[in-house]
Amino acid sequence: MNSSSLSRAAGAGAGRIHSLAFVPWSSRRSGRTGRGTRHECACATASPKTFLRFQVKAKATASTQETGNGNGNGNGYNGKKKKVVVLGGTGRVGSATAAAIIRESRKAARESKGEREEKEESSSASIASNASNALRGVDVVISGRRPEKVKEVRELWPDELRAVAYEQCDINDPESLDRVLDSADLVIHAAGPFQQTSSCSVLEAAIRNKVGYIDVCDDTEHTQRAKANLAKAAQESGIPAVVSCGVYPGLSNVMASYMCDAGSPFPENKPLKLRFSYFTAGSGGVGATILATSVLLLGEKVTQFVEGKRQQKEPYAERNVVEFGQKIGKREVFGLNLPEVLTAHEILGIPNVSAYFGTSPGIWNFMMQKMAQLLPVSLLQNRDFANGLAQVIMPLVVAVDKLVGKTTAMRIDVKYDNDKTSSSLFVHKDTAYTAGTSTAAFAAALLSGKVPAGVHFPEERCVIQDYEAFFRLASDETTIFAVAQAPWRLEKIQKRIILGLY
């Protein structure tokens, strides 16, 4: 998944979601709504008599009008079955992704048969179905090295994965990859850790077999390597590929891109500073692979950009205290080497970019600090050591998770050259669930046929061309989703969903 540390990338049940509608804070004062044409829509919430009104800016760009790989008809469904292979599909994030895709595929099938439930505002149904429709008619295959784990994920997701197909595969074996990817339309690489690898074997196989590709990579070097070394080959092969597509990095990148472009409350001002802040309770319940990722990240210098210059800092050394809303409160977060720092700087052109992660209970943060300070880098960068340590401490982590829960949160702050700040907040009760829905939202984007051939970062405008449809799918079952708001508003939020799209 997109995990940064003890978790790197379920909701408020029916009748418990509260919604609030308001005009974005900057627009209230100025009387404007920003660039583009404003469209007003309505979204049905859990309560049949309560709905959320919000405004979405439509901004036509060359990328949204002229790009595409020719594999779709614009709405993502051409009447043909589509095969999606999820590598690492027996893991927590991979299985959650497979489950999310199957849920959305079934939803689209019901809607196509006229079985959708009556909604007060029919326009919201069509908006939500834009993303789901791209997943209509999908056959999901989960794949991994250990067939004995299939029973476990089927029990974990009984409604979605009880009859899912399984194919054994070793991502380090080209023949094995070619066999599994045969006749596939999309491969989702969730078989981490991505740290300390020397190649992009799955992306290479996808290009070789002309299969669309996304991954949940949370490693800066792997992300850079994919684009630098394979973008031309992917373009020549005619396949679209997007790297780092989960909740964070992934959804967080798209939120930042929206805040700096179509959703900026200050469209005439340039963004000067971008900060990603992430929090996950315990391990987020997302498995040993993410624990191994945490160890490996502690062996990497932290990349940040200050006034356009790349700086290297010690891992888990710089500490900030960040407000994640009344539901979670203030939490300490620490610097980690996360790929969204580099991709946001490169694609969005922001001179100051940084990212931080923290967990609870605080003893985990303390232990990670001490590991970074005391253990030799050579040991922290050893994949065998990281995987072995993760297996040893996993029983303790599981026990703690039962006490602290699986909540994940992210806050994104953008400061503009008018000295004003815009902030976004995302909170979900289940880290694995939201990692799955976020990855499924990227899968829908690729299967729509609109993403051009090549290797792309999530921030690139050609990747997510319909922000609203993407956010609706990616934010499924969220406790809080507030985009591009005044920072003080985030401190007031408790249990409600705010789609501050305008």
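Definitions and limits used
- Every chain is numbered independently, its residues counted from 1 as its sequence is written.
- Whole-chain, interface and lining totals are the exception, using all residues; otherwise, since this is a predicted model, local features are given only for residues with pLDDT of at least 70 and side-chain atom pairs are given and counted only at 80 or more.
- Note that water and hydrogens are dropped before the side-chain values are worked out from all heavy atoms of the structure.
- Strands are runs of DSSP state E lasting at least 2 residues, helices are runs of H or I lasting at least 4, and numbering of each runs from the N terminus.
- Each residue gets one of three labels from its accessible area relative to the maximum for its type: buried under 20%, exposed over 50%, partly exposed in between, using a 1.4 Å probe on protein chains only.
- Computed by Shrake-Rupley with a 1.4 Å probe, the accessible areas treat only the displayed protein chains as cover when residues are assessed.
- Here pLDDT means the predictor's own confidence in every residue, given as a number from 0 to 100.
- Between two residues, a contact is recorded if the distance between any of their heavy atoms is within 4.5 Å.
- Pairs were defined over the aromatic rings of Phe, Tyr and Trp, the Trp ring being its six-membered one, requiring ring centres within 6.5 Å. Orientation was assigned from the angle between planes: stacked under 30 degrees, edge-to-face over 60, tilted for the rest.
- Both a distance and an angle decide whether a charge sits over a ring: NZ of Lys or CZ of Arg must be within 6 Å of the ring centre and within 35 degrees of the ring normal.
- Here the rule is simple: two strands pair whenever DSSP picks up at least two bridges between them.
- Axis definition: a line fitted to C-alpha atoms, limited for helices to the stretch in contact. Angles are taken between N-to-C directions and run from 0 to 180 degrees.
- Patch criteria: residues need more than 30% relative accessible area and no salt bridge. Like-charged residues are merged within 9 Å; nonpolar side chains of Val, Leu, Ile, Met, Phe, Trp and Tyr are merged within 5 Å.
- By salt bridge we mean one thing: a side-chain nitrogen of Lys or Arg within 4 Å of a carboxyl oxygen of Asp or Glu.
- The angle separating two fitted axes, one through the seven residues that finish at a residue and one through the seven that start at it, defines the bend at that residue.
- Contacts described as polar in this section are N or O atom pairs within 3.5 Å, which, within protein, must combine one atom able to donate a hydrogen with one able to accept it, while residues neighboring in sequence count only if both atoms come from side chains.

(A) A look at the overall build of the protein. When you go through the protein residue by residue, the secondary structure sums to 18 helices and 20 strands. Relative to its 502 residues, the protein shows a buried fraction of 59%. Approximately 19600 Å² of the protein is accessible, and the part contributed by carbon and sulfur atoms is 48%.

(B) Looking closely at the confidence of the model for the protein. Mean pLDDT over the protein stands at 81; residues scoring 70 or higher make up 78%. Confidence drops under a pLDDT of 50 for residues 69-77, and excluding neighbours within four residues, the segment shows 27 contacts in the predicted structure. Low pLDDT, under 50, characterises residues 495-502; the predicted model gives this stretch 50 contacts beyond four residues in sequence or across chains.

(C) Structural detail: the packing of aromatic side chains. What the rule picks out here adds up to 13 aromatic pairs. Centre to centre, the rings of F279 and F324 are 6.2 Å apart; their planes meet at 40°, and the pair counts as tilted. Of the two residues, F279 sits in strand β10 (residues 271-281) while F324 sits in the loop between β13 (319-323) and β14 (330-335), which places them 45 residues apart along the sequence. Judged by relative accessible area, F279 falls into the buried class, the value being 3%. Geometrically, the ring pair formed by Y467 and F471 is stacked, given 5.9 Å between the ring centres and 20° between the ring planes. In this pair, Y467 and F471 are both assigned in helix α17 (residues 467-474), four residues apart and thus about one turn of the helix distant. Judged on exposure class, the residue Y467 and its partner F471 are both buried. Looking at K227, its charged tip hangs above the ring of F457, at a distance of 4.9 Å from the centre.

(D) Seen up close, the sheet that holds strand β4 (residues 82-87). The seven strands lie next to each other as β6-β5-β4-β7-β8-β9-β18, forming an open sheet whose pairing is parallel. Single-partner strands in this sheet number two, and they are β6 (165-168) and β18 (454-456). Taken over all neighbouring pairs, the strand axes of this sheet differ in orientation by 20° on average, direction set aside. Relative to β6, strand β5 (residues 138-144) runs parallel, the two being bridged by four bridges. Each residue of the ladder has a partner; that of S143, found in β6, is E167.

(E) How the structure looks around a nonpolar patch on the surface. A contiguous nonpolar patch, built from I363, F366 and M367 and spanning about 280 Å² of accessible area, is present on the exposed surface. Checked against the element boundaries, I363 lands in helix α13 (residues 362-374). Given a relative accessible area of 44%, I363 falls into the partly exposed group.

(F) Structural detail: the environment of V353. Looking at the element boundaries, V353 is found in strand β15 (residues 352-360). Sequence-wise, V353 and L272 are 81 residues apart; in three dimensions their C-alpha atoms are separated by 8.7 Å. In this structure V353 touches L274, F276, Q304, F305, E340, V341, A344 and H345, once residues within four positions along its chain are discounted.

(G) Up close: helix α15 (residues 383-404). The largest bend in α15 is about 50°, located at M394, with the proline P395 one to four residues further on. Of the positions making up α15, those classed as buried are A386, A390, M394, V397, V400 and D401. Contacts made by the buried residues of α15 are with β10, α11 (288-297) and α13. If you check the start of α15, you find a side-chain oxygen 2.9 Å away from the backbone N of D384, and it comes from N382. Just past α15, the residue G405 takes up positive phi, approximately 85°.

(H) Seen up close, unusual backbone geometry. For the bond from Y248 to P249, the omega torsion is 0°, close enough to zero to count as cis. Along the chain, the position of P249 falls in the loop between β9 (240-242) and α10 (251-260). Cis geometry marks the peptide bond from S360 to P361, where omega comes out at 0°. Mapped onto the fold, P361 is located in the loop between β15 and α13.

(I) Structural context of the pattern of salt bridges. Considering all chains together, one arrives at 17 salt bridges under this definition. Among the ionic pairs, K227 bridges to E460, the shortest N-O distance being 2.8 Å. Of the two residues, K227 sits in helix α9 (residues 220-237) while E460 sits in the loop between β18 and α17, which places them 233 residues apart along the sequence. Residue classification places E460 among the buried residues on the basis of a relative accessible area of 14%.

(J) Geometry of the side chain of T303. Its place among the elements puts T303 in strand β11 (residues 302-306). With a relative accessible area of 3%, T303 lands in the buried category. Among the polar contacts listed, one links the side chain of T303 to the side chain of Q312, at a separation of 3.1 Å. Discounting residues that sit within four places of it in the chain, T303 has contacts with R310, Q311, Q312, N337 and V341.

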